[in-house]
Amino acid sequence: MPTAMARPHETDVALGLGVPPFTPHAISVSLPTWRDNVGYEEGDERVVSTMVSGYPRFFIHLSIRKLAKICEQKFGAQDESCMLYPTQKIAEECRSFMQRRSALDGVAINARLIQFLITPEDNAPAELEGASADLHIVLFPSDAEPLAKQFWQHTGLGISSRLAEHCLAMLPNPQERPSSPPFRKPLNKHYAAKGFTKGKQPPQESFIGDMGTYLEERYGRNLPFAHAESAKRALRRRIAGVLLREPTPPGDNRDEPVAGAEHLAMGPSARGVPEVSESDVFLYPTGMAAIFSAHVLASAVRPAAKSVCFGFPYADTLKVLEKWGPGCHFFGHGLDTDLDTLEDMLKTESQANPSNPPVLSLFTEFPSNPLLRTANLPRIRALADKYDFLVVVDETIGNFMNVEVLSYADIVVSSLTKIFSGAANCMGGSMTLNPRGRHYTALKARMKATFEDSYFGQDAVFLERNSRDSLRRIRLIDGNTEAVCDFLRSRSQAGGRADGVVKDVFYPKWETREHYEKCRIKEDGGFGGLFSVTFTSLKASAAFFDTLPFFKGPSLGTNFTLACPYTVLAHYAELDWAAKYEVETGLVRVSVGMEERDVLLKSVEKALLAAEAT
């Protein structure tokens, strides 16, 4: 399936607009200069007043805001705000979190739950017939909104923008475009440092009415809602690696997810554990929802104990482990010396209390974000077997078309939003259980008893379509990324250039490669599409970033190249803390796309020359 790629001169998206541009459900936002990113973190009116998009767990989509406003007016009391969730169970978990966390501060918050069943009107379009939506509303005092947003951000379980638009279409005046309330800067330590900031009415991207639908139809992305269940089956099979081949839709009917046909023949899994089946794969609305759910699952089937976060992780993974349950042991460098320390701790804890496992679980990324380090999974597996704890591996960055990690894990989680989709227009996550795991029977039984499918069908349909050619895209991106990293490494101090402005290039080819190789697929597995680069000065970092002629914004794993000053966006309120784990303030993270290789190399060289001129 052909994929339209932006040329460098087409990536000049105005500050605050969506990335990709003219995409109604874009998952990134344009922050094109270093100054813009710092301004965003500091609540600069010049920046925050322009925002009309953002990563969905941090920037609440305009359609969701409009629906929330309707719910507040219909059900709320004066000075109450709300968050919207797809199931009662999630809404109850949000209320419980708010009550528990507020009690720690000595001010108990009283949140209310409302169920709102929305059904199509009698004169609704035919495609809405029978398509009711069950919305669950958490109402709380408006001054508790920062706490409510923590749950939204950490768990990734809020409603999607497509579900919000589906609900709006069934309410009166569905033709109204979602309003643009003043931008509120999220209160978190990822993409923000301070409290909420109110700005001017943000501008709109230059498409209205049906233009968004037209654009998605133009690129084959406006797909039938009726295919939702078969799309989910196709996704689970693709993730489980049980498809004997990737079937092709018949004729011109490219919409049909034929990989989800009920009677399609399946083979043994290609994920390194042949027994894996589609029933071992569970879909979630976001990658963080999968991570959160893995932690909840572990806590439900194993004795209470602290978890372990091994390696410098994506920020919210650590927050989930810290805020739900007894707490977390953090080994932020993720090196073999950390494993030595962990082993000593496990031995000591086990001797002190031999009747219970010393830890609940160990979470690690393969490789880590943003340092691209890989943990020694065989050694971790051996420790888990000896001390009886669960191993949860997030393989989002390595991805299961490059690496096989399931044989070392009890649970594998992934953000399908990233390279599995690539199009940056939908969210999704997955959790896969290892049938060979010691605790598989208990984990699977718990999932059968408690799992609820909260993944909105239209999002699944888009993700299934996007992911059909994921292997082809990943192979191209692997090659592009290695070529770019080889070039930058040759001009770096780490690569032998003593006077180089580049200090180091963080990429699995050089970072703890021996551990990555233990899981790399031998035939054609690559090193992935992500790297980070550091410079000899902050000025050089900014010059390199500003000169890169690519999209600039949060997220990764896109079909197009996307860059960000990661530490500024993710840890602006804790730069000194991040630096202790070698995550420098001037670090630039680049997710490489499918552009022509010579264009990529020339563009990176241009940016490097700008850095060298500082």
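Residues numbered from 1 in each chain as written. Predicted model: local features only at pLDDT ≥ 70, side-chain atom pairs only at ≥ 80, totals over all residues. Heavy atoms only, no water.

Enquirer: I'm lost on the overall build of the chain in this one. Help?
Expert: Scanning the chain for helices and strands turns up 20 helices and 17 strands. The buried share of the chain, reckoned over its 614 residues, is 62%. A total of about 23600 Å² of accessible surface is found on the chain, and carbon and sulfur atoms cover 51% of it. (Helix = DSSP H or I, 4+ residues; strand = E, 2+ residues; numbered from the N terminus. Buried < 20%, exposed > 50% of the residue type's maximum accessible area, 1.4 Å probe, protein only. Areas by Shrake-Rupley, 256 points an atom, 1.4 Å probe, with all protein chains shown as cover.)

Enquirer: I tried to follow the sheet that holds strand β11 (residues 411–415) on my own but got confused; where do I start?
Expert: Each strand in a sheet pairs with another by means of backbone hydrogen bonds, the pair being arranged parallel or else antiparallel. Ordered by their spatial adjacency, 7 strands build an open sheet running β6-β12-β11-β10-β9-β7-β8, and the pairing between neighbours is mixed. The strands lining the two open edges of the sheet, one partner per strand, are β6 (281–284) and β8 (328–331). On average, adjacent strands in this sheet sit at an angle of 20° to one another, irrespective of strand direction. Where β11 meets strand β12 (residues 429–433), 5 bridges bridge the pair, whose relative direction is antiparallel. Following the sheet pairing, S414 is matched in β12 by S430. Helix α11 (residues 336–352) contacts β7 (307–310), β8 and β9 (361–365) of the sheet and is inclined by roughly 150° relative to β8. On the sheet, helix α13 (residues 440–450) packs against β6, β10 (390–394), β11 and β12 and is oriented at approximately 135° with respect to β12. (Pairing = 2+ DSSP bridges. Axes fitted to C-alpha atoms, helices over the stretch in contact; angles between N-to-C directions. Contact = heavy atoms within 4.5 Å.)

Enquirer: Sorry if this is basic, but what is going on with the confidence of the model for the chain here?
Expert: For residues with low pLDDT, the predicted coordinates do not support detailed interpretation. Averaged over every residue, the pLDDT of the chain is 89; residues scoring 70 or more account for 87%. Taken together, the stretch residues 174–215 has pLDDT below 50 and engages in 121 contacts with residues farther than four places along the chain or on a different chain. Taken together, the stretch residues 217–222 has pLDDT below 50 and engages in 14 contacts with residues farther than four places along the chain or on a different chain. (pLDDT = per-residue confidence, 0-100.)

Enquirer: I'm lost on the sheet that holds strand β15 (residues 551–552) in this one. Help?
Expert: The 5 strands lie next to each other as β13-β14-β17-β16-β15, forming an open sheet whose pairing is mixed. Strands with a single pairing partner mark the edges of an open sheet, and in this sheet they are β13 (502–506) and β15. Where strand β14 (residues 530–535) meets strand β17 (residues 588–591), 4 bridges bridge the pair, whose relative direction is antiparallel. The partner of V533 across the bridge, within β17, is V588. Contacts from helix α17 (residues 538–547) reach β14, β15, β16 (562–564) and β17 within the one sheet, and its direction differs from that of β14 by about 140°.

Enquirer: How do you make sense of the packing of aromatic side chains when you look at a structure like this?
Expert: The geometry of two aromatic rings is summed up by the distance between their centres and the angle between their planes. Here the structure, examined in full by the defined rule, presents 26 aromatic pairs. Relative to F331, the ring of F310 lies with its centre 6.3 Å away and its plane at 35°, an arrangement referred to as tilted. Linking F310 in strand β7 with F331 in strand β8, this pair joins segments that are 21 residues apart in sequence. Of the residues examined, F331 reaches a relative accessible area of 9% and is grouped as buried. Site record: aromatic cluster; members linked through ring pairs are Y85, F97, F151, W152, F292 and W324. Sitting above the plane of the F462 ring, R162 keeps its charged end 3.8 Å from the centroid. Sitting over the face of the ring of F545, K552 holds its NZ or CZ atom 4.6 Å from the ring centroid. (Phe/Tyr/Trp six-rings, centres within 6.5 Å; stacked < 30°, edge-to-face > 60°. Lys NZ or Arg CZ within 6 Å of the ring centre and 35° of its normal.)

Enquirer: What exactly am I supposed to notice about the side chain of K444 here?
Expert: Residue position: K444 is located in helix α13. Side chain to side chain, K444 and D280 meet in a polar contact 2.9 Å long. (Polar contact = N/O pair within 3.5 Å; in protein donor to acceptor, adjacent residues only side chain to side chain.)

Enquirer: I tried to follow the nonpolar core on my own but got confused; where do I start?
Expert: Side chains that are nonpolar tend, in soluble globular proteins, to be buried together. Core analysis: the biggest nonpolar cluster contains 99 residues, and L67, L84, M98, L135, I159 and I411 have the highest contact counts within it. Beyond its immediate stretch of four places on either side in the chain, L84 contacts I64, L67, A68, C71, L135, H136, I137, W152, G158 and I159. (Core = buried A, V, L, I, M, F, W, Y, C linked by side-chain atoms within 4.5 Å.)

Enquirer: Explanation requested: the environment of W324 in the structure shown.
Expert: Looking at the secondary structure, you find W324 in the loop between α10 (315–323) and β8. For W324, the contacting residues outside a window of four places in its chain are E93, F97, R100, F151, H154, T155, F292, H295 and K319. Polar contacts involving the side chain of W324 include one to the side chain of E93, which spans 3.0 Å.

Enquirer: Looking at this structure, I do not really get the environment of F331. What am I missing?
Expert: Residues F331 and F310, spaced 21 residues apart in sequence, show a C-alpha to C-alpha distance of 4.9 Å. Setting aside chain neighbours within four positions, we find F331 in contact with V308, C309, F310, G311, D338, T341, L342 and M345.

Enquirer: Is there a simple way to think about the pairing of strand β3 (residues 80–85) in this case?
Expert: Residues in a regular strand point their side chains to alternate faces of the sheet. Of all 6 residues making up β3, 6 are buried, and the element is well covered by its neighbours. Here β3 pairs with strand β5 (residues 133–141) via 6 bridges, running antiparallel. Opposite E80, over in β5, you have P141 as the bridge partner.

Enquirer: Whenever I open this one, helix α6 (residues 161–170) confuses me. Can you help?
Expert: Given 3.6 residues to a turn, an α-helix orients residues that are three or four positions apart in the same direction. Of all 10 residues making up α6, 8 are buried, and the element is well covered by its neighbours. Within α6, burial applies to S161, R162, L163, A164, H166, C167, L168 and M170.

Enquirer: How should the packing of helix α9 (residues 287–301) against α13 be read in this particular structure?
Expert: Two quantities define a packed helix pair, namely the angle between the axes and the distance from one axis to the other. Where α9 contacts α13, the two axes come as close as 10 Å, and the packing angle between them is 115°. Classed by the angle they form, the pair α9 and α13 counts as roughly perpendicular. For the pair α9 and α13, the crossing hand works out as right-handed. Judged by residue contacts, L297, A300 and V301 of α9 engage A442, L443, R446 and M447 from α13. Among the residues making up the contact of α9 with α13, the classes are represented as 6 nonpolar, no polar and 1 charged. (Parallel < 35°, antiparallel > 145°, perpendicular 65-115°, else oblique. Left-handed = near helix turned anticlockwise from the far one by under 90°. Nonpolar A, V, L, I, M, F, W, Y, C, P; charged D, E, K, R; others polar.)

Enquirer: Can you walk me through helix α15 (residues 470–490) in this structure?
Expert: Helix length check: α15 (21 residues) gives 30 Å between terminal C-alpha atoms against 30 Å at 1.5 Å per residue, within 8%. When we look at burial in α15, the residues that qualify are S470, R473, I474, I477, D478, N480, T481, A483, V484, C485, F487 and L488. Contacts made by the buried residues of α15 are with α14 (457–467), β13, β14, α17 and α20 (597–612). (Expected span 1.5 Å × (residues − 1).)

Enquirer: How should the pairing of β12 be read in this particular structure?
Expert: Burial analysis of β12 places 5 of its 5 residues in the buried class, the great majority of the element. Burial along β12 is two-sided: G429, M431 and L433 facing one way and S430 and T432 facing the other are all buried. Sheet topology places β6 next to β12; 4 bridges connect them, and they run antiparallel. In the strand pairing of β12, Y284 is matched with G429.

Enquirer: Looking at this model, I keep getting lost on unusual backbone geometry. Mind explaining?
Expert: A negative phi angle is the norm for most residues apart from glycine, just as the trans form is the norm for most peptide bonds. Look at the link from V19 to P20: it is a cis peptide, with omega at 0°. You can see P20 is positioned in the loop between β1 (18–19) and β2 (28–29). Across the junction of F366 and P367, the peptide omega takes the value -10°, indicating a cis bond. Checked against the element boundaries, P367 lands in the loop between β9 and α12 (377–387). Positive phi values are uncommon outside glycine, yet D79 reaches one of about 65°. One can find D79 in the loop between α3 (62–75) and β3.

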